[in-house]
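Here is how the chains run, residue by residue.
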Amino acid sequence: MSTQHFDAVIIGAGVAGLCALHRLRELGLSVRAYERASGVGGVWYWNRYPGARFDSESYTYCYSFSPQLLEEWTWSERFAAQPEVLAYLNYAAEKLDLLRDVRFETEVASAWYDARDHSWLIETGQGERTRARYLIAAVGPLSAYQLPDIEGLESFRGEHYHTARWPHGGLDLAGKRVGVIGTGATGVQVIQTIAHEVDRLVVFQRTPTYCMPQRNAPLTDEDWREIRRSYPAIFARCRETMGGFVHGFDPRSGLEVTPEEREAVFESLWAQPGFAFWQGNFMDLMTDETVNRWASEFVRRKIRERVRDPAIAAKLMPVHALGTKRVPLENGYYEVYNEAHVELVDLRETPIERITRTGIRTRDRDYALDVIVFATGFDAATGALTRIDIRGEGGILLREKWREGPSTYLGLQTAGFPNLFTIGGPHNATNFCNAVRCTEQNVDWIAGCLRHMRDAGHVAIVPRVDAENAWTAHVRAAAEATLLRCDTNTWFYGANTPGKAKSVSIYAPGAAAYRERCDEVARRGYEGFEFR
Ligand code: NA7
């Protein structure tokens, strides 16, 4: 097998892989990107389920570095749907002439570090072998989809799909009896979209969540004149906020206002689109149990107002602290449960026992189904990395190193794996963030680092173990200082993946604080890293 040589190999051609490919080429590096799918787009390529759409405002979810892209591209809605997002990423890839460096339908199977040569030896499942100094993992924090371990799936005679592997041609669900397992951000989008099409819908809910109205709307020509004028201010705003969205926390504590003022603030946030109620709430929403309880109760009240049957409304009442699980945005989700052909099964009362030939059996009855939809989520943050055979110095396996939970430095590198950079890896602000905004920050930082190495004549970079330990301890302590410490079964902690060590994978202080830390490290001559 002959070996090809590149300066850098990128795994993935989604939002992050495309951005990295562009920036690294700008540095004059030779780059090869490998992509498992037959087109660009990553999650937007795979998640073609009905109702898939942005929860970030469309005009913030775009590459900011190209005035041409900003000028030419127009989103039709405040929160665009998946086909439009995929069209944008294809358009960007073509405009930036990226496709010629992407090898599609090619999956990286292994990547081994060769210490003698300070380079990575990469093999694909399709038999290609490549050597590259730098390995950039742009595999996505939410791409390793998972089916629940429910007995009997192979016996089911109907069709079944995970939302992240929806058939490309779409599915005709008219007249069908459909069961949906999962009510996270994905489940909510699917349920509210297909409810009006199917003959019968059964929703299997394990944990109710706080869904908030998305308030989607078309964007008019006038909106666009304003957006184009304001792009610099929009991006500057997103740089300041915790999640890279236009919504930033209210600087006031919820404790310092009167109950009437608090209610007025809640109502005003509720009326706004997107994540306003979550990410624009009082600054102590995520740290003070009382403030969080008030906000949680406010949302529960809103849910009760929309669901006619009090018994169904009771099943939909979340009990965890608002925001400690990802908040889904909805358009008519709760009204679905007022429909006679929709049934909500509370799995806390009646768990699923097995899948049968004809449907799903819970503890108290059988549900006959033609189609089962698994909106059951992902092995988040680490799954797509640890599924690859990645070996660092001395043959150490990444999967083994992270068995008890990931340890990283800045969520960008991990000791023992020189020249491997993870965009959107664990402990990186990107994995809970407006993906493009945070990806650009990661990629800028990596590009700056590679430029620094070239100028200084370095061939390898790796974190020092003490720096990694300190960062990992900081990430954990920062999460513990918020209400995330409460015991919720969320992908933020890897708790949604059976058998996975429970360990925080997001960066709780958020994107703006993360950017500052990364910039500070670079300013101090890449403090905490070792160069070779
Ligand atoms: P999530 O947020 O992980 O949601 C998965 C849902 O599936 C959630 O309601 C789970 O219930 C449910 N689930 C998972 N396994 C099971 C089993 N075995 N039985 C019943 N129900 C189950 O994934 P999403 O795809 O919705 O969203 C992922 C991210 O994508 C989201 O945060 C956005 O950033 C986009 P649970 O809550 O664990 O009880």
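See above for the structure.
This is a predicted model, so every value here is computed, not measured.

**Q** Describe the pairing of strand β9 (residues 200-205), naming the residues involved and giving the relevant values.
**A** Of all six residues in β9, five are buried; the element is thus mostly enclosed. Of the strand pairs in this sheet, strand β8 (residues 177-181) and β9 are connected by five bridges, and their pairing is parallel. Along β9, the bridge assignment pairs Arg 177 with Arg 200. Following the backbone out of β8, through helix α5 (residues 185-194) and into the adjacent parallel β9, one traces a crossover that is right-handed. Sheet topology places β9 next to strand β12 (residues 342-346); five bridges connect them, and they run parallel. Opposite Val 203, over in β12, you have Leu 344 as the bridge partner.

**Q** Go over the state of the cysteines with me, naming the residues and quoting the values.
**A** Counting across every chain of the model gives one disulfide. Across the disulfide from Cys 433 sits Cys 438; the S-S distance is 2.0 Å. Here the disulfide of Cys 433 and Cys 438 is right-handed, its torsion about the S-S bond being about 75°. Judged on exposure class, the residue Cys 433 and its partner Cys 438 are both buried. Take Cys 19: it sits in no disulfide, and the sulfur closest to it among the cysteines is that of Cys 438, at 12 Å.

**Q** Would you mind going over the side chain of Ser 296 in detail, with residue names and values included?
**A** Along the chain, Ser 296 falls in helix α9 (residues 289-306). Under the relative-accessibility criterion, Ser 296 is labelled buried at 3%. When residues no more than four places from it in sequence are discounted, the contact partners of Ser 296 are Tyr 210, His 320, Ala 321 and Leu 322.

**Q** Run through the sheet that holds strand β14 (residues 359-362), naming residues and quoting values.
**A** Spatial ordering of the open sheet is given by β13-β14-β15, a layout of three strands whose pairing is antiparallel. Of all the strands in the sheet, the pair left with one neighbour each is β13 (352-355) and β15 (366-368). Averaged over neighbouring strand pairs, the angle between their axes works out to 20° when direction is ignored. Pairing geometry for β14 and β15, over three bridges, is antiparallel. In the sheet register, Ile 360 faces β15, and the bridge partner there is Tyr 367.

**Q** Give me the lowdown on the site of the ligand, citing residues and values where you can.
**A** Neighbouring the ligand are 20 residues; Thr 186, Arg 206, Thr 207, Lys 325 and Trp 491 lie closest to it. A distance of 2.6 Å is found between an oxygen atom of the ligand and a side-chain nitrogen or oxygen belonging to Thr 186. With respect to the ligand, the side chain of Lys 325 contributes an N or O atom lying 2.7 Å from an oxygen atom. Coverage of the ligand by the protein amounts to 86% of the 760 Å² it exposes when considered alone. When grouped by side-chain class, the residues that make up the shell around the ligand number eight nonpolar, nine polar and three charged.

**Q** Lay out the environment of Asn 489 with the relevant residues and their values.
**A** Here Asn 489 lies in the loop between α14 (465-480) and α15 (511-523). Along the chain, Asn 489 and Thr 207 lie 282 residues apart, while their C-alpha atoms are 8.8 Å from each other. Other than its neighbours up to four places away in sequence, Asn 489 contacts Thr 207, Lys 325 and Ala 495. Within the structure, the side chain of Asn 489 is placed 3.5 Å from the side chain of Thr 207, a separation counted as a polar contact.

**Q** Could you give an account of the sheet that holds β12, with specific residues and numbers?
**A** Within the open sheet, the five strands sit side by side as β7-β16-β8-β9-β12. Their pairing is parallel. For this open sheet the edge positions go to β7 (159-162) and β12, each flanked by a neighbour on one side alone. The mean inter-strand angle of the sheet, taken between neighbouring strand axes irrespective of direction, is 15°. Its contacts with the sheet place α5 against β8, β9 and β16 (371-374), and it is angled at close to 160° to β8.

**Q** Before we move on, could you go through helix α7 (residues 259-270) and cite the residues and values that matter?
**A** Because an α-helix completes one turn every 3.6 residues, residues spaced three or four positions apart along the sequence face the same direction. Between the first and last C-alpha of α7 there are 16 Å, a value that for 12 residues agrees with the 16 Å anticipated at 1.5 Å per step. Within α7 the residues assigned to the buried category are Arg 262, Val 265, Phe 266, Leu 269 and Trp 270. End-on view of α7: buried residues confined to an arc of 130°, all on one side of the axis. Where α7 is buried, its residues meet β10 (212-213), α8 (276-279) and α9.

**Q** Break down unusual backbone geometry for me, with residues and values.
**A** Positive phi values are uncommon outside glycine, yet Arg 215 reaches one of about 60°. Position of Arg 215 relative to the elements: it lies in the loop between β10 and α6 (221-240). Relative accessible area serves as the criterion here: at 33%, Arg 215 is assigned to the partly exposed category. For Leu 410, which is not a glycine, the phi torsion comes out positive at approximately 60°.

**Q** Give a description of α15 that names residues and reports values.
**A** Across its 13 residues, α15 extends 18 Å between first and last C-alpha, which sits within 8% of the 18 Å expected from 1.5 Å per residue. Within α15, the full set of buried residues consists of Ala 511, Ala 512, Tyr 514, Cys 518 and Val 521. Positioned one or two residues after α15, Gly 525 has a phi angle of 70°, which is positive.

Reading guide: rules and limits
- Residues numbered from 1 in each chain as written.
- Predicted model: local features only at pLDDT ≥ 70, side-chain atom pairs only at ≥ 80, totals over all residues.
- Heavy atoms only, no water.
- Buried < 20%, exposed > 50% of the residue type's maximum accessible area, 1.4 Å probe, protein only.
- Helix = DSSP H or I, 4+ residues; strand = E, 2+ residues; numbered from the N terminus.
- Pairing = 2+ DSSP bridges.
- Right-handed = clockwise from strand over helix to strand, strands pointing away.
- Disulfide = S-S within 2.5 Å.
- Contact = heavy atoms within 4.5 Å.
- Axes fitted to C-alpha atoms, helices over the stretch in contact; angles between N-to-C directions.
- Near = heavy atom within 4 Å.
- Polar contact = N/O pair within 3.5 Å; in protein donor to acceptor, adjacent residues only side chain to side chain.
- Areas by Shrake-Rupley, 256 points an atom, 1.4 Å probe, with all protein chains shown as cover.
- Nonpolar A, V, L, I, M, F, W, Y, C, P; charged D, E, K, R; others polar.
- Expected span 1.5 Å × (residues − 1).
- Arc of directions from axis to C-beta.

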